[in-house]
Amino acid sequence: MVSEMRIVVMCKSVPDTMDVRFDPQTKTMVRAGVATTINPFDLFAIEAALRLREQHGGTVTAMTMGPSAAQRELQDAIAMGCDDAVLLSSPAYAGSDTWATAYALACAVRYMGEVDLIVCGRQAQDGDTGQVGPGIARQLGWPQVTYVSRVCELDLMARRIVVERLLEDGRQTLAAQLPAVMTVLKDANLPRTATLRGMRRAHRAVVPTWGPEITGADPRLVGLDGSPTRVVRVFSPTARQGQVQWITAATPQKVAEGLLAALTAEQLV
Ligand SMILES: Cc1cc2nc3c(=O)[nH]c(=O)nc-3n(C[C@H](O)[C@H](O)[C@H](O)COP(=O)(O)OP(=O)(O)OC[C@H]3O[C@@H](n4cnc5c(N)ncnc54)[C@H](O)[C@@H]3O)c2cc1C
């Protein structure tokens, strides 16, 4: 007999602004006083997880590592339809880079026990590395399928998932053994909006907070000290100076000739 499918969807709480500021001392993002939202890419991950639950049964747990205020984003995930949520929050996690984040999330999944599938977004809107999903897979020793645009098949008996990946030069169909980690593209679906019933459920939901002392994560491997990344400098690149040359002529033919002459002069053709 196959037990109920258990999916964990990773959603990051990100600043709800494009005006991201950095602390020059710690070289980390200034988060205090900044409104937050679920990482937009993770809405597609939540939708993918909910659709799989609708087809195969089971439960979907939303998980985030962040400050205590990130509970709001988890409630939003429950309002969309997730069954429950877990917040990883502790002073020990502060300053974690992608490696430490992936380790902390992987420890929490291991602590949960039987999990069949982890679904992540393609990337976070702020950090933008796309490393955390593959990092979790590496930490758990599970197969990973990234850039997924469609789940073609999920066979719980055979413990197998078949997906379509969208690549720059085409599509690729790939099968992986469960448990696995999947990162989802925004082409995968159209995320649903929260229902009134979902919002009521979210309002009542009790979201547990886990620190390393609960999940069993080694405190030396999380937080700023546990992060191998060293940020040497954070800066906004200065705008490049360029010159514009307008080519005008009486006919399109003459404009094309002028353009060709200009490109030839610059040795670009
Ligand atoms: C030295 C250093 C210190 C840092 N300090 C902090 C800090 O104090 N606080 C902080 O928030 N960031 C901090 N960061 C940024 C941090 O590395 C990344 O924001 C975080 O690890 C996720 O990486 P990313 O944003 O590139 O996510 P990506 O790898 O682009 O995210 C891909 C997917 O992984 C999942 N995911 C990513 N992060 C989380 C998460 N936290 N919870 C659940 N799911 C997630 C989501 O599904 C997401 O779509 C620090 C970075 C460095 C280098």
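Report on the accompanying structure.

Rules used throughout
- Residues numbered from 1 in each chain as written.
- Predicted model: local features only at pLDDT ≥ 70, side-chain atom pairs only at ≥ 80, totals over all residues.
- Heavy atoms only, no water.
- Helix = DSSP H or I, 4+ residues; strand = E, 2+ residues; numbered from the N terminus.
- Buried < 20%, exposed > 50% of the residue type's maximum accessible area, 1.4 Å probe, protein only.
- Contact = heavy atoms within 4.5 Å.
- Areas by Shrake-Rupley, 256 points an atom, 1.4 Å probe, with all protein chains shown as cover.
- Lys, Arg positive; Asp, Glu negative; His and termini not counted.
- Charge placed at Lys NZ, Arg CZ, Asp CG, Glu CD.
- Patch = residues over 30% accessible without salt bridge, like charges linked within 9 Å, V, L, I, M, F, W, Y side chains within 5 Å.
- Salt bridge = Lys/Arg side-chain N within 4 Å of Asp/Glu carboxyl O.
- Phe/Tyr/Trp six-rings, centres within 6.5 Å; stacked < 30°, edge-to-face > 60°.
- Core = buried A, V, L, I, M, F, W, Y, C linked by side-chain atoms within 4.5 Å.
- Axes fitted to C-alpha atoms, helices over the stretch in contact; angles between N-to-C directions.
- Parallel < 35°, antiparallel > 145°, perpendicular 65-115°, else oblique.
- Left-handed = near helix turned anticlockwise from the far one by under 90°.
- Nonpolar A, V, L, I, M, F, W, Y, C, P; charged D, E, K, R; others polar.
- Near = heavy atom within 4 Å.
- Polar contact = N/O pair within 3.5 Å; in protein donor to acceptor, adjacent residues only side chain to side chain.
- Pairing = 2+ DSSP bridges.
- Expected span 1.5 Å × (residues − 1).

1. Regarding the overall build of the chain
- Across its full length, the chain holds 7 helices and 11 strands.
- The dimensions of the chain, computed from C-alpha atoms along their principal axes, are 75 × 45 × 40 Å.
- Scored against the burial criterion, the 269 residues of the chain give a buried share of 41%.
- Relative to all contacts within the chain whose residues are 6 or more apart in sequence, the contacts with residues 24 or more apart total 69%.
- On the chain, roughly 15,700 Å² of surface is accessible, and the fraction owed to carbon and sulfur atoms is 53%.
- Computed over 27 positive and 27 negative side-chain charges, the inter-centroid distance for the chain is 1 Å.

2. Examining a positive patch on the surface
- A contiguous patch of positive charge on the surface is contributed by Arg197, Arg200, Arg201 and Arg204.
- Structurally, arginine 197 can be placed in helix H5 (residues 196–204).

3. Observations regarding the packing of aromatic side chains
- Taken as a whole, this structure holds 1 aromatic pair when the rule is applied.
- With a centroid separation of 4.9 Å and 85° between ring planes, the pair formed by tyrosine 111 and tryptophan 210 is classed as edge-to-face. With tyrosine 111 in helix H3 (residues 98–112) and tryptophan 210 in strand S11 (residues 209–210), this residue pair connects regions lying 99 residues apart in the sequence.
- Given the relative accessible area of 43%, tyrosine 111 is considered partly exposed.
- Tryptophan 210 sits in the buried class, given a relative accessible area of 13%.

4. Thoughts on the nonpolar core
- Core analysis: the biggest nonpolar cluster contains 38 residues, and Val9, Ile46, Leu117, Val119 and Met182 have the highest contact counts within it.
- The leading source of residues in this core is helix H1 (residues 40–56), at 7 residues.
- Contacts of isoleucine 46, omitting those with residues within four sequence positions, involve Val9, Cys11, Ile38, Ala77, Met80 and Cys82.
- With 27 residues, the next largest nonpolar core counts Val8, Met10, Tyr103 and Leu140 among its residues.

5. A few points about the packing of H3 against helix H4 (residues 132–140)
- Running from N to C, H3 and H4 cross one another at 55°; their axes reach a closest spacing of 8 Å. It follows from the interaxial angle that H3 and H4 lie oblique. H3 and H4 meet at a crossing whose hand is right-handed. Contact with H3, carried on its side by Thr98, Trp99, Thr101, Ala102, Tyr103, Leu105, Ala106, Val109 and Arg110, involves Val132, Gly135, Ile136, Gln139 and Leu140 of H4 and no other residues of that element.
- The class makeup of the residues in the contact of H3 with H4 is 9 nonpolar, 4 polar and 1 charged.

6. Remarks on the site of the ligand
- Contacts to the ligand come from 31 residues, most closely from Lys12, Asp42, Ala124, Thr129 and Gly130.
- A distance of 3.4 Å separates an oxygen atom of the ligand from a polar atom in the backbone of aspartate 97.
- Alanine 124 has a polar backbone atom sitting 2.7 Å from an oxygen atom of the ligand.
- Out of a free accessible area of 920 Å², the ligand has 88% covered by protein chains.
- Looking at the shell around the ligand, its residues break down into 11 nonpolar, 14 polar and 6 charged.

7. A closer look at the pairing of strand S1 (residues 6–10)
- Within S1, 4 of the 5 residues are buried, which leaves it mostly tucked inside the rest of the structure.
- Relative to strand S4 (residues 59–65), S1 runs parallel, the two being bridged by 5 bridges. In the strand pairing of S4, arginine 6 is matched with threonine 59.
- The pairing of S1 with strand S6 (residues 117–121) spans 3 bridges and is classified as parallel. Each bridged residue has a counterpart across the sheet, and for valine 9 the counterpart in S6 is valine 119.

8. Structural notes on helix H7 (residues 252–265)
- If you check H7, its first and last C-alpha atoms are 20 Å apart, about what 14 residues at 1.5 Å a residue would give, namely 20 Å.
- A positive backbone phi angle near 60° is found at glutamine 267, which sits one or two residues after H7.

9. Considerations on the environment of alanine 70
- Position of alanine 70 relative to the elements: it lies in the loop between S4 and helix H2 (71–80).
- On the basis of relative accessible area, alanine 70 is assigned to the buried category, the value being 1%.
- Spatially, the C-alpha atoms of alanine 70 and leucine 178 are 29 Å apart, while their sequence positions differ by 108 residues.
- Sequence-distant contacts of alanine 70, defined by excluding residues within four places in its chain, comprise Ser13, Thr64 and Leu87.

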